[in-house]
Amino acid sequence: QVQLVESGGGLVQPGGSLRLSCLVPGRIFGYADMGWYRQAPGKQRDLVAVITPDGTTNYGDSVKGRFTISRDNATNRVYLQMNSLKPEDTAVYYCNLKIYYQDYWGQGTQVTVSS
């Protein structure tokens, strides 16, 4: 079993910030590609950001310049710092782990951006 535990979601005003975190099993964290995806009601699940074991990052076009993905090998966590949030960022955010050509997902955490 590979269980990913997300936290940090909530309600914020437009222009505000949130930091999501995902706790990853330590035995595999150092070998895994990590990512964040999001899904709004009635829409497909889209890439937000990914980070490789060596720290290479990529971002979805809609979040470039606003979101930052990072990983902490000491605590086995991956983070998503979200700044300048917009209402269109409202979605359930999912932590993703890729290893051995397999995908594992967290349960999701709700992010709502609204006045």
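Placed above this text is the structure.
Here's a quick rundown of the structure. (Residues numbered from 1 in each chain as written. Predicted model: local features only at pLDDT ≥ 70, side-chain atom pairs only at ≥ 80, totals over all residues. Heavy atoms only, no water.)

### Side note on the nonpolar core
Spelled out, the test is: Think of a nonpolar core as a cluster: buried Ala, Val, Leu, Ile, Met, Phe, Trp, Tyr and Cys residues, connected wherever their side-chain atoms sit within 4.5 Å. Accessibility here uses a 1.4 Å probe with only protein chains present; expressed as a share of the type maximum, an area under 20% marks a residue as buried, one over 50% as exposed, and anything in between as partly exposed. By definition, any uninterrupted DSSP run of H or I lasting at least four residues is a helix, any uninterrupted run of E lasting at least two residues is a strand, and each is numbered from the N terminus. The contact criterion used is simple: two residues touch if any of their non-hydrogen atoms lie within 4.5 Å.
Among the nonpolar cores identified, the biggest contains 30 residues, and Met-34, Trp-36, Leu-80, Met-82, Tyr-93 and Leu-97 are the most heavily contacted of them. The set of elements that each furnish at least two residues to this core consists of β3 (18-23), α1 (26-29), β4 (33-39), β5 (46-51), β7 (67-72), β8 (77-82), β9 (91-99) and β11 (109-113). Tallying contributions element by element places β9 first for this core, with 5 residues. If sequence neighbours within four positions are ignored, Tyr-93 has contacts with Glu-6, Leu-20, Trp-36, Tyr-37, Arg-38, Val-48, Phe-67, Leu-80, Met-82, Gly-108, Thr-109 and Val-111.

### A closer look at the pairing of β9
So the rule is basically this: Only strands joined by at least two bridges in the DSSP assignment are considered to pair.
In terms of burial, β9 is a largely internal element, 7 of the 9 residues being buried. Two elements, β4 and β9, share 7 bridges in a ladder whose sense is antiparallel. Bridging from a neighbouring strand, Asp-33 pairs with Lys-98 of β9. Sheet topology places β9 next to strand β10 (residues 102-105); 4 bridges connect them, and they run antiparallel. By the bridge assignment for β10, Asn-96 is matched with Trp-105.

### Here we look at the side chain of Arg-38
We apply this condition: Distance and chemistry together define a polar contact, namely a pair of N or O atoms within 3.5 Å, with one atom able to donate a hydrogen and the other to accept it when in protein, and with adjacent residues in sequence counting only for side-chain atoms on both sides.
Topologically, Arg-38 is positioned in strand β4. For Arg-38, a relative accessible area of 12% puts it in the buried group. At 2.9 Å, the side chain of Arg-38 and the side chain of Asp-89 are in polar contact.

### Description of the packing of aromatic side chains
Aromatic ring pairs are defined here through the distance separating the ring centres and the angle between the ring planes. Operational definition: Pairing of aromatic rings covers Phe, Tyr and Trp, the last counted by its six-membered ring, and requires centre-to-centre distances within 6.5 Å; plane angles under 30 degrees mean stacked, over 60 mean edge-to-face, and any other angle means tilted. Here, a charge over a ring is recorded when the distance from Lys NZ or Arg CZ to the ring centre is within 6 Å and its angle to the ring normal is within 35 degrees.
In total, this model carries 1 aromatic pair according to the counting rule given. Of note, Arg-45 hangs over the ring of Tyr-94, and the distance from its end group to the ring centre comes to 3.8 Å. The side chain of Arg-45 reaches across the aromatic face of Trp-105, ending 4.7 Å from its centre.

### Points about the pairing of β3
Bridge count for strand β1 (residues 5-7) against β3 is 3 bridges, and the pairing is antiparallel. Residue Ser-7 lies in a different strand from β3, and its bridge partner there is Ser-21. When β3 meets β8, the two strands line up antiparallel, connected through 6 bridges. In the sheet register, Cys-22 faces β8, and the bridge partner there is Val-78.

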